[in-house]
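Coordinate inspection notes
Here's the letter readout for the chains.
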Amino acid sequence: MGQFLTTMSASNTYPPPCVMGSESIMSKKAHGTSAVPVQKNLRWSVDQDTADRICNFNRHYAEYSGYFRRVQPFLDEANGLPADEEITFYDSNTGKPLFYAPRGRTMEQFLNESRNHGWPSFRDAEVNWDYVRVLPNGETVSVDGTHLGHNLPDGKGSRYCINLVCVAGRPDGECGAEEKK
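On a predicted model such as this, the values are computed, not experimentally measured, just so you know. (Residues numbered from 1 in each chain as written. Predicted model: local features only at pLDDT ≥ 70, side-chain atom pairs only at ≥ 80, totals over all residues. Heavy atoms only, no water.)

Some points on the overall build of the protein chain
- Regarding its fold elements, the protein chain presents five helices and seven strands.
- Buried positions account for 52% of the 181 residues belonging to the protein chain.
- Intrachain contacts of the protein chain at a sequence separation of at least 6 include 65% that bridge at least 24 residues.
- In the form shown here, the protein chain has an accessible surface area of approximately 8,400 Å², with 50% of it arising from carbon and sulfur atoms. (Helix = DSSP H or I, 4+ residues; strand = E, 2+ residues; numbered from the N terminus. Buried < 20%, exposed > 50% of the residue type's maximum accessible area, 1.4 Å probe, protein only. Contact = heavy atoms within 4.5 Å. Areas by Shrake-Rupley, 256 points an atom, 1.4 Å probe, with all protein chains shown as cover.)

Here it is in structure tokens:
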């Protein structure tokens, strides 16, 4: 994936509903590209150090391919979800809701596509455009400067390959100030 990312044009635009963002979103802040570190009590027992490094001190790299497949609490939640429900994926720094899955497909389809590509793979209908932006090089970020992953379009349209550690936060308000330190 690294080679692919280096060959991507820096001037891409993606079709709606994608909301483009500017490079200024990822400017240096108090904690890397974010004002705050990752939450201390991330969901699914994901690795906090990996999350902090990828979310806040990284622009190009990712958790290893297939990482999410080894996070049993996440798989248990996904596989146990009733057919008419979805999982909300929250920013690991701020707790803002970023993605909802599955939408317009089944959980089995979401997980199969994610397995095929190595990372949780979201489609346009599953993105909360109030808080997610795509930079011209495809980097997908939160409006608060959290690196999330990349938009790697395929024949079906935009496909957001997102690091599970970056969307394992707890809802804003469920984390006390002490836990966010």
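There is more to say, and it comes next.
Some remarks on the sheet that holds strand β5 (residues 139-142)
- Taken in spatial order, the five strands of this open sheet run β3-β7-β6-β5-β4, and their pairing is antiparallel. Each edge of the open sheet is held by one strand with a lone partner, namely β3 (121-122) and β4 (132-134). (Pairing = 2+ DSSP bridges.)

So, the nonpolar core
- By size, the foremost hydrophobic cluster in this structure holds 37 residues, and its most contacted members are Trp44, Val46, Phe74, Phe89, Phe99, Tyr160 and Leu164.
- Broken down by secondary-structure element, the contributors of at least two residues to this core are α2 (48-56), α3 (72-80), β1 (87-90), β2 (97-101), α4 (107-117), β4 and β7 (160-162).
- Contact partners of Trp44, with chain neighbours within four places excluded, come to Val71, Pro73, Phe74, Glu77, Ile87, Phe89, Leu164, Val167 and Ala168. (Core = buried A, V, L, I, M, F, W, Y, C linked by side-chain atoms within 4.5 Å.)

Observations regarding the state of the cysteines
- This structure, assessed with the given rule, holds zero disulfides.
- Free of any disulfide, Cys166 has its nearest cysteine sulfur in Cys55, 3.3 Å distant.
- Cys166 sits in the buried class, given a relative accessible area of 0%. (Disulfide = S-S within 2.5 Å.)

Overview of the pattern of salt bridges
- Scanning all chains against the criterion turns up 10 salt bridges.
- In this structure, Arg159 and Asp154 form a salt bridge, with 3.3 Å as the shortest nitrogen-oxygen distance.
- Taking relative accessible area as the criterion, Arg159 reaches 8% and is therefore assigned buried.
- Residue Asp154 is classed as partly exposed on the basis of its relative accessible area, which comes to 28%.
- Residues participating in the shared-partner salt-bridge network are Arg105, Glu113, Arg123, Glu126, Asp154 and Arg159. (Salt bridge = Lys/Arg side-chain N within 4 Å of Asp/Glu carboxyl O.)

A few points about the packing of aromatic side chains
- Inspection of the entire model under this criterion finds 10 aromatic pairs.
- With a centroid separation of 4.4 Å and an interplanar angle of 25°, the aromatic rings of Phe99 and Phe122 are classed as stacked. Of the two residues, Phe99 is situated in strand β2 and Phe122 in strand β3; the sequence distance between them amounts to 23 residues. No difference in accessibility class separates Phe99 from Phe122, as the two residues are buried.
- Measuring from centroid to centroid gives 5.2 Å for Phe110 and Phe122, while their planes differ by 45°, and the two rings are tilted. One end of the pair, Phe110, is in helix α4; the other, Phe122, is in strand β3, with 12 residues separating them in the sequence. (Phe/Tyr/Trp six-rings, centres within 6.5 Å; stacked < 30°, edge-to-face > 60°.)

What to know about the confidence of the model for the protein chain
- Taken as a whole, the protein chain shows an average pLDDT of 91; of its residues, 90% reach a score of 70 or greater.
- Within the model, pLDDT remains below 50 along residues 1-9, and this stretch shows 15 contacts once partners closer than five positions in the same chain are excluded.
- The low-confidence segment residues 176-181, where pLDDT is below 50, has 12 contacts with residues more than four positions distant or belonging to other chains. (pLDDT = per-residue confidence, 0-100.)

So, the pairing of β5
- Residues of β5 alternate between two faces, with Glu139 and Val141 on one and Thr140 and Ser142 on the opposite face, all of them buried.
- Looking at chain direction, β4 and β5 are connected through three bridges and run antiparallel. Looking at β5, one finds that Val132 is bridged to Ser142.
- Counted along the chain from β4 to the antiparallel partner β5, the turn is four residues long, and its residue Gly138 has a positive phi close to 95°.
- Pairing analysis gives three bridges linking β5 to strand β6 (residues 147-151), with the strands arranged antiparallel. Along β6, the bridge assignment pairs Glu139 with His150.

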